[in-house]
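Chains, contacts and geometry: an overview
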Amino acid sequence: MITLGTEDFDIVAPEFRGLSSAEVEDRVADGRVNADAGPQTKTIPQIIATHAFTLFNGINIILACLVAYTGAWRNLTFLCVVLSNLAIGVVQEIRSKRTIDKLSILAERPVTVRRDGGDVEVGHAEVVLDDLLVLRRGDQVSADAEVVWGGAGLNESLLTGESKPVAKSIGDRLMSGSFLDSGCVVARVTDVGADSYAARINAEAKYIKNTKSEIMATLQMIIRTSTWLLAPIGLALFIRTLKDGYCLNDAILTTVSALVGMIPQGLVLLTSTVLVISTARLARKSVLIQQFYCIEMLARVDVLCLDKTGTITSGSMDFERAIGVSGHSSADVEFAAACVSRASSHDANETATAILRHADETGIDTPDYQRVVGFSSARKYSGCVTADGRALVMGAAQFVFVGGMPREISSALASAGERERVLVLAECDGFDGEDAILGVPRPLGIISISDHIRTNAPATIKYFTEQGVQLNVISGDDPRTVSSIAAEAGVPDADKWVDASTLVTPEDVKRAALKYRVFGRVTPQQKRELVLALRRAGHTVAMTGDGVNDVLALREADCSVAMASGSDAARNVAEVVLVDDDFAHMPDVVAEGRRSINNLERSASLFLVKTVFSAVLAVLCAFIPPYPFQPVQMSLISTAIIGIPSFVLALEPNRERVRGNFLGNVLARSVPASLAIVLAVGVASGFLEHFGLTRDQISTVCVILTCLVGFSLVVRISLPLNSLRTALLVAVVAIVVFGCTIAGPFFCIVSPTSGMFVAIASIGVISLLLFNYLFTRGVALAAEDEGYARFMSAIENSDKGRDANDK
């Protein structure tokens, strides 16, 4: 708990003292705390259960029981791979959980409550029943409460989808999950824990954002297909093996061997492990990943929409100058600006803070006020009515002078520098019940303030430019100012700007999204429409933001990035949170995404090879038995050719750009190897017996041929070679040689004869030629995206139809 001093915020409504320490302790003892609020990571038992109780693990247990029935205990070695996968997955996720939990505490914005007459900051879970919440613009309501002082515009878009602020005053109810768009209130907590809205509706239910993930769609397709094929193929192969004269034990071992090869369990584990490790790596760089699969989206991003404040600029501002018009002096303008800013000091944004700092430095005294109109990102102005009845308004010129721009204001605006952010000051007749300006505003003059560009922003922007990512800057400020700042920071085509207040229809917004790179005077709704327009044009869009005005756009982006110091609402909907508010981490995030996706594509091709050739061979052998492998031999192949290479390749550095789609790239590598193995094993199993080889010798030839083609695949996906990949290839060869020689008897590998060498050489050469031709052709097709995009679209559409039927 942190006690706030007067230098942090002015104490509002000091007449409300809040709960005493003793009252808080009583409520904590009674369990009347907000402990259930907010999303949680999995507990350690949940992590273990998630990894242990899977469909494929259940199938493996059944297969292990069948093998145990035969008494062929060495054929249970496939369980070693299963248990190793389980241990690796559990350990890695627990380590990541601990890292993320620590980072989540840092990223969580504390809640300000009034206790013992002072304001203190506490965690969400430390709020108790009857606490007084002190809420300002941008704060999210952490628990259901009732307003006892002040007024505010409440944005309930996270709950209702409606972005229009709802006015709240004394006696009105505030629902947890909503946030303040303007104003300041003190509210008494009415519900906590299981009784609060936050406990009944978790963070995901407040806004369900469909995850667009090629990896997820591909994995679901593979798992679904494998599951449906296991039973009929296994039953057919078992029956045919029995009919062919084999005993029950041999039929069981043959069937288990085929089914073990068909289970892509390692692929699921590898994917989750890679994403978990990526999350932990980014957490160590103060980047909190709130949704695993957003890492994939970041790797594929081709348009990055930047909110100027907090990303390109630091967010802090300095007062530059004031210009009076219509006979008013600059001092008159500074006084009016100080009055409006002082009236909203409890809700001061960076603009008001810069003005108040200047007023304090120059000794400007302001009168009391009888009404305050807080700044709203939708209205784009703020105002006040002083004690003597003078109504003042300050804001963007287009929104203050909606009936037409006065000539003197236009002249003053023309004199402002491009880097300066300009606000107009005017008198009016007052404000109506919805804070709209009454009468025709009478101009007093303008003031200008300037932003500070982050020192590391140009280097970060240069990185994205070099990577071919289109940069769009979206801001609520004057487009000329935004354009100037963007140009200085190095944003390409920063001179292509548009004033969003001139975009009237959705078609105007759509055309502007594809034409311009800098957007000024953008409303929250227009930010959302711009992001949607870019996505509909086929782009993968990432959006950065930190304010309440960014929430709608963040929700619609393929991947949203928020600053931890920004509004609770922005962090609530973002998949990525920059805990230290450093935009310079974005290249690290993209690089981590590329490492994960590129490496997963290579590793997934290895797993899919085993699944495909095992399934095809099982079907063929159901008609032309016997199946050439035993379970213990599949364990050797799985370990040497698939398991070890896939994990090594999946975790090594890789900054290559992501090209094509996941399924297309995986199929381009796995299908050629699968076809080559099926050809090699099919020829060996079907014809070598006619040349005098025994079934044990044929089985050994099939294992070596499979390892030969598999090794060739590992070589092709490892190019270009480096020290790590070279060491991996040496290790693969060593494991295979060891398994076929010293450990040969254990893996049912017989000593080779001259006939076996001839068979391996002749069939192996043909298989390798076929594999390399198909691999080269497949990679070329994947690069051109021929057919794969349509296949992927069909999979996604079938998933959507299935989800709709489930609902």
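Report follows, based on the coordinates. The shown structure was predicted, so the numbers you read here are calculated from the model rather than taken from an experiment. (Residues numbered from 1 in each chain as written. Predicted model: local features only at pLDDT ≥ 70, side-chain atom pairs only at ≥ 80, totals over all residues. Heavy atoms only, no water.)

A look at the overall build of the chain
- Looking only at helices and strands, one finds 29 helices and 24 strands in the chain.
- Relative to its full complement of 807 residues, the chain shows a buried share of 55%.
- In the chain, 73% of the contacts between residues at least 6 apart in sequence involve partners at least 24 apart.
- Roughly 33,100 Å² of accessible area belongs to the chain as shown, and the carbon and sulfur atoms make up 58% of that amount. (Helix = DSSP H or I, 4+ residues; strand = E, 2+ residues; numbered from the N terminus. Buried < 20%, exposed > 50% of the residue type's maximum accessible area, 1.4 Å probe, protein only. Contact = heavy atoms within 4.5 Å. Areas by Shrake-Rupley, 256 points an atom, 1.4 Å probe, with all protein chains shown as cover.)

A look at the pairing of strand β5 (residues 144–155)
- Sheet topology note: the β5/strand β8 (residues 179–191) ladder contains 11 bridges and is antiparallel. Within β8, the residue paired with Gly151 across the bridge is Cys184.
- Bridge analysis of β5 against strand β6 (residues 166–168) gives three bridges, and the strand direction is antiparallel. Residue pairing for β6: Gly153 is matched across the bridge by Ala167. (Pairing = 2+ DSSP bridges.)

Re the packing of aromatic side chains
- Following the criterion strictly, the structure yields five aromatic pairs and no others.
- A ring pair is formed by Tyr463 and Phe464, whose centres lie 5.3 Å apart and whose planes are at 75 degrees; its orientation type is edge-to-face. When sorted by exposure, Tyr463 lands in the same class as Phe464, which is buried.
- Between Phe746 and Phe747, the ring centres sit 5.1 Å apart and the planes meet at 90 degrees, which makes this aromatic pair edge-to-face.
- By relative accessible area, Phe746 is classed as partly exposed at 36%.
- Its relative accessible area of 12% is what places Phe747 among the buried residues.
- Among the aromatic residues, those joined into a ring-pair cluster are Phe613, Tyr627 and Phe629. (Phe/Tyr/Trp six-rings, centres within 6.5 Å; stacked < 30°, edge-to-face > 60°.)

Here's the deal with the pattern of salt bridges
- In total, this model carries 28 salt bridges according to the counting rule given.
- For Arg357, the salt bridge identified is with Asp318, shortest N-O distance 3.7 Å. In this pair, Arg357 is assigned in helix α14 (residues 350–362) and Asp318 in strand β11 (residues 313–324), connecting sequence segments 39 residues apart.
- For Arg357, a relative accessible area of 34% puts it in the partly exposed group.
- With relative accessibility at 30%, the residue Asp318 sits in the partly exposed group. (Salt bridge = Lys/Arg side-chain N within 4 Å of Asp/Glu carboxyl O.)

Examining the packing of helix α19 (residues 506–515) against helix α20 (residues 524–536)
- Packing of α19 against α20 leaves a shortest axis separation of 9 Å and a crossing angle of 65 degrees. The element α19 and its partner α20 pack so that their crossing is right-handed. Within the contact between the two elements, α19 uses Val509, Lys510, Ala513 and Leu514 and α20 uses Gln526, Glu529, Leu530, Ala533 and Leu534.
- Of the residues assigned to the contact of α19 with α20, the class counts are six nonpolar, one polar and two charged. (Axes fitted to C-alpha atoms, helices over the stretch in contact; angles between N-to-C directions. Left-handed = near helix turned anticlockwise from the far one by under 90°. Nonpolar A, V, L, I, M, F, W, Y, C, P; charged D, E, K, R; others polar.)

Some thoughts on the nonpolar core
- Counting 129 residues, the largest nonpolar core has Phe78, Phe464, Val576 and Phe629 as the members making the most contacts within it.
- Considering each element in turn, this core owes the most residues, 16 residues, to helix α23 (residues 586–623).
- Excluding anything up to four places from it in sequence, Phe629 contacts Ser257, Phe613, Leu617, Met634, Ile637, Val681, Ser699, Cys702, Val703 and Thr706.
- Judged by nonpolar contacts, the second largest core, of 26 residues, contains Val498, Val522, Ala533 and Val541. (Core = buried A, V, L, I, M, F, W, Y, C linked by side-chain atoms within 4.5 Å.)

Details of the sheet that holds strand β21 (residues 518–520)
- Strand order in the open sheet made by the eight strands is β9-β24-β23-β22-β10-β19-β21-β20, with mixed pairing throughout. Two strands lie at the open edges of the sheet, namely β9 (287–289) and β20 (497–499), each paired on one side alone. Going from strand to strand, the sheet's axes swing by 20 degrees on average, the running direction of each strand aside.
- Direction of pairing for strand β22 (residues 541–545) relative to strand β23 (residues 559–563): parallel, over a ladder of four bridges. If you follow Ala542 over to β23, its bridge partner there is Cys559.

Some words on helix α27 (residues 723–740)
- Taking 1.5 Å of rise per residue, the 18 residues of α27 would be expected to cover 26 Å, and the 26 Å separating its terminal C-alpha atoms lies within 8% of that figure.
- Taken together, the buried positions of α27 are occupied by Arg725, Leu728, Leu729, Val732, Val736, Gly739 and Cys740. Projected down its long axis, α27 carries its buried residues within an arc of 105 degrees, all on one side. Within α27, the exposed residues directed more than 90 degrees away from the buried face are Ser723 and Val730.
- Those residues of α27 that are buried are in contact with α23, α24 (631–651) and α26 (695–718).
- The opening residue of α27, the one whose side-chain oxygen lies 3.1 Å from the backbone nitrogen of Leu724, is Asn722. (Expected span 1.5 Å × (residues − 1). Arc of directions from axis to C-beta. Polar contact = N/O pair within 3.5 Å; in protein donor to acceptor, adjacent residues only side chain to side chain.)

Side note on the environment of Ser341
- Tracing the backbone shows Ser341 in helix α13 (residues 330–343).
- Non-local contacts of Ser341, meaning those with residues more than four positions away in its chain, are made with Ala352, Ile355, Leu356 and Met394.
- From its side chain, Ser341 meets the backbone oxygen of Ala337 in a polar contact 3.0 Å long.

A closer look at unusual backbone geometry
- Following Leu719, the chain continues into Pro720 via a peptide bond in cis, with omega recorded as -5 degrees.
- Its place among the elements puts Pro720 in the loop between α26 and α27.
- Unlike most non-glycine residues, Asp116 shows phi in positive territory, near 55 degrees.

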